[in-house]
Structures are given as structure tokens and as C-alpha cells.
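Chains, contacts and geometry: an overview
Here is how the chains run, residue by residue.
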Amino acid sequence: MKRLKLFPETFLYVFSLMAVVLLISHALFYFMMPIVYTSQKEAKFQDTQDQLINI
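Along each chain, numbering runs from 1 in the same order as the chain's sequence is written. Given that this is a predicted model, residues contribute local features only at a pLDDT of at least 70 and side-chain atom pairs are listed and counted only at 80 or more, while totals for whole chains, interfaces and linings are drawn from all residues. As a convention, hydrogens and water are excluded, and side-chain values are obtained from all of the structure's heavy atoms.

Here we come to the overall build of the chain. Within the chain, the secondary structure is distributed over one helix and zero strands. All radius of gyration figures rest on C-alpha atoms, and the globule criterion is 2.2 Å times the number of residues raised to 0.38. At 24 Å, the chain has a C-alpha radius of gyration far larger than the 10 Å of a compact globule built from 55 residues. Each principal axis of the C-alpha distribution contributes one length, and for the chain these read about 85 × 15 × 5 Å. Sorting the 55 residues of the chain into buried and exposed places 0% on the buried side. Reported accessibility uses the Shrake-Rupley method at a 1.4 Å probe radius. Residues are deemed covered only where the shown protein chains occlude them. Entry remark: accessible area of the chain is about 5,900 Å², with carbon and sulfur atoms responsible for 73%. Charge-centre separation for the chain: the mean point of 5 positive side chains lies 27 Å from the mean point of 4 negative side chains. Only runs of H or I of at least four residues qualify as helices and only runs of E of at least two qualify as strands under DSSP, and these elements are numbered from the N terminus. Between buried and exposed lies partly exposed: a residue is buried under 20% and exposed over 50% of the maximum accessible area for its type, with that area taken using a 1.4 Å probe on protein chains only. Asp and Glu are treated as the negative residues and Lys and Arg as the positive ones, with His and the ends of the chain left uncounted. A charge is said to be at NZ when it belongs to Lys, at CZ for Arg, at CG for Asp and at CD for Glu.

Structure follows, in C-alpha cells:
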């Protein structure tokens, strides 16, 4: 019986591609979330500060 070489090559290609996509998406979330979180907190702080000044 002839051994198929297509499956291991395809598996490794698909697995490595999925791993790269996963790593890139995690890296984007890791670097982008603090920026978004900080800007939202600063906006909320500015709103609260404006409300306290107007009282």
C-alpha cells in the first residue's frame, strides 16, 4: 500500500497558517486594548470633570 504524503504536508501547512493568524490576532488585541481602554477612561473622566465644574 502506497503511503500518502499529502495529508501531513497539508496538515502542517494549515496548522502553521492558523497558528500565525492566531498569534497576530492575539498580538493586535494585546497592543490595541490598552489604548482603547485608556481613551475611554479619559473621556469618561473628562465628562465627570465637566459635570462637577458646572454644578
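Having seen the structure, we can now continue with the description.
What characterises a pair of aromatic rings is the spacing of the ring centres plus the angle enclosed by the ring planes. Any Phe, Tyr or Trp ring, taking Trp's six-membered ring, that has another such ring centre within 6.5 Å forms a pair; planes under 30 degrees apart are called stacked, those over 60 apart edge-to-face, and the others tilted. Tallied over the entire structure, the rule returns three aromatic pairs. Cluster of aromatic residues (ring-pair linked, three or more members): F7, F11 and F15.

With that settled, consider a nonpolar patch on the surface. Each patch is built from salt-bridge-free residues with over 30% relative accessible area, joining like charges within 9 Å and nonpolar side chains (Val, Leu, Ile, Met, Phe, Trp, Tyr) within 5 Å. Throughout this description, the term salt bridge denotes a Lys or Arg side-chain nitrogen within 4 Å of a carboxyl oxygen of Asp or Glu. Among the surface-exposed residues, Y13, V14, L17, M18 and V21 lie close enough to one another that they form a single nonpolar patch of about 520 Å² accessible area. Following the sequence through the fold, V21 ends up in helix α1 (residues 6–54). Relative accessible area serves as the criterion here: at 52%, V21 is assigned to the exposed category.

Its place among the elements puts V36 in helix α1. Looking at V36, the relative accessible area reads 36%, which means it is partly exposed. Each C-alpha atom, one on V36 and one on K5, is 47 Å from the other, the two residues being 31 residues apart in sequence.

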